[in-house]
Amino acid sequence: MTVMTTLAIRNKGLRPGPMVERNYTVHKHGWLVILTGLLESLFYLFSLGVGVGALVKQIELPDGRMVDYAVFVAPAMLASAAMNAAVAETTFNVFGKLKWMKLYDGVLATPMRPRDVAAGEISWALIRGAIYSTAFLIVMAALGLTETWWSLLALPGSVLVGLAFSGIGLLATTYFRNWPDFDWMMAFVFVMFLFSGSFAPIENYPEAVQWLVHLSPLYHGIELLRAFSLGELSPWLLVHCAYLVAVAGVCLAFASRRMSKLLYK
C-alpha cells in the first residue's frame, strides 16, 4: 500500500498508475493464465476461418471483390479477442475485487478516488487487450492473412475496440448483484459475436436485422479492423472510430459515477 500511496500523491490529475502497478504485480507470475484467453479466438480462426474456409474458398465483399474466407474472418476474430480481454478484465475481475475481496475499500484509504480506480482498471484491461491483439496479429501475418502493411493499424484499432468494451463491461459490473448476473452479459457478448458480420457480410441479413447490427459496437470494430486488414481505407472508418469513442466515453462516464456511489455508500 505504501507504493500506491506514494504514486497517488505524486500524480495530481487522473491516477490510474497505482492500480495498473497493483494488477501487474499480481499477474506478473501468471502470464500464462492471461494468454489462455487468446486461445478461444484462435480456435475460432482455425476451425472456421481455416477449416470452413477450405469448403467456402472465397467470399464476395459488398464492393464485388473476392477474398479468401480466412482473410475475411480473421479481422473479426481479432476484434473478438480485444472484446473478450476487455470484458473479462472489467467484469469478472472487477466484480470480485468490488464485492468479495473488498480491495477497493483499502485503495480508497489512500489519496486515490473512485475515478482513479476506474481509470486504472480500464488501463489494465487495455494492456491485456493489446497483448491479445499483438499475438493474434502475429498469427494472422504468419498464416498469410494480412494483405497489406495497413494491417499494422489493426493494432491501435483493436485497442479502440477494447476501450469501448471496457466501458461497457465496467458499467455493467456496477449493476451486477451476484455471479449469476454474468450470464446476461455473456449472452449479450455471444449474440454480438455471432451477428456482427463476423462470418458473413451483413448485407446477407434481412434489412431489419441490418439496422440492429449497426448498433453493435463489435460490428463497428470488425468493420474497422477488416478495412485495415484488407487495405480498404475510406471515410467510413471515421464513423466506426467515432462510434466506438462515443460508446467508450458514455459508458466510462456513467461507470465512474456508479463506482463512486458503490464505494462511498
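Just above sits the structure.
Here goes a summary of the coordinates provided. (Residues numbered from 1 in each chain as written. Predicted model: local features only at pLDDT ≥ 70, side-chain atom pairs only at ≥ 80, totals over all residues. Heavy atoms only, no water.)

1. Looking at the environment of glycine 120
Assignment of secondary structure puts glycine 120 in helix H7 (residues 114–142). With relative accessibility at 0%, the residue glycine 120 sits in the buried group. Each C-alpha atom of the pair glycine 120 and leucine 244 lies 20 Å from the other, and the pair is 124 residues apart in sequence. If we ignore the near neighbours within four places in the chain, the residues touching glycine 120 are Pro16, Met19 and Val20. (Helix = DSSP H or I, 4+ residues; strand = E, 2+ residues; numbered from the N terminus. Buried < 20%, exposed > 50% of the residue type's maximum accessible area, 1.4 Å probe, protein only. Contact = heavy atoms within 4.5 Å.)

2. Digging into helix H9 (residues 182–194)
At 3.6 residues per turn, the α-helix brings residues three or four places apart onto the same side. Taking 1.5 Å per residue as the helical rise, H9 with its 13 residues ought to reach 18 Å, and the 18 Å between its terminal C-alpha atoms agrees with that figure. Residues Phe182, Met185, Val189, Met192 and Phe193 constitute the buried set of H9. Seen from one end, H9 has its buried residues packed into an arc of 105 degrees, which puts them on one side. Pointing more than 90 degrees away from the buried face of H9 are the exposed residues Asp183 and Trp184. (Expected span 1.5 Å × (residues − 1). Arc of directions from axis to C-beta.)

3. A look at the packing of aromatic side chains
Given two aromatic rings, one states the distance between the centres and the angle between the planes to describe the pair. All told, the structure shown has eight aromatic pairs when counted by the stated rule. Ring geometry for phenylalanine 92 and phenylalanine 182: centres 4.6 Å apart, planes at 15 degrees, overall stacked. Placement of phenylalanine 92 in helix H5 (residues 69–100) and of phenylalanine 182 in helix H9 is noted, with a sequence separation of 90 residues between them. Residue classification places phenylalanine 92 among the partly exposed positions, given a relative accessible area of 33%. Take phenylalanine 182: its relative accessible area is 2%, and that puts it in the buried class. Considering the side-chain rings of tryptophan 179 and phenylalanine 182, the 5.3 Å spacing of their centres and the 25 degrees angle between planes classify their relative orientation as stacked. Feature note: the residues Phe92, Phe95, Phe176, Trp179 and Phe182 constitute an aromatic cluster, connected by ring pairs. (Phe/Tyr/Trp six-rings, centres within 6.5 Å; stacked < 30°, edge-to-face > 60°.)

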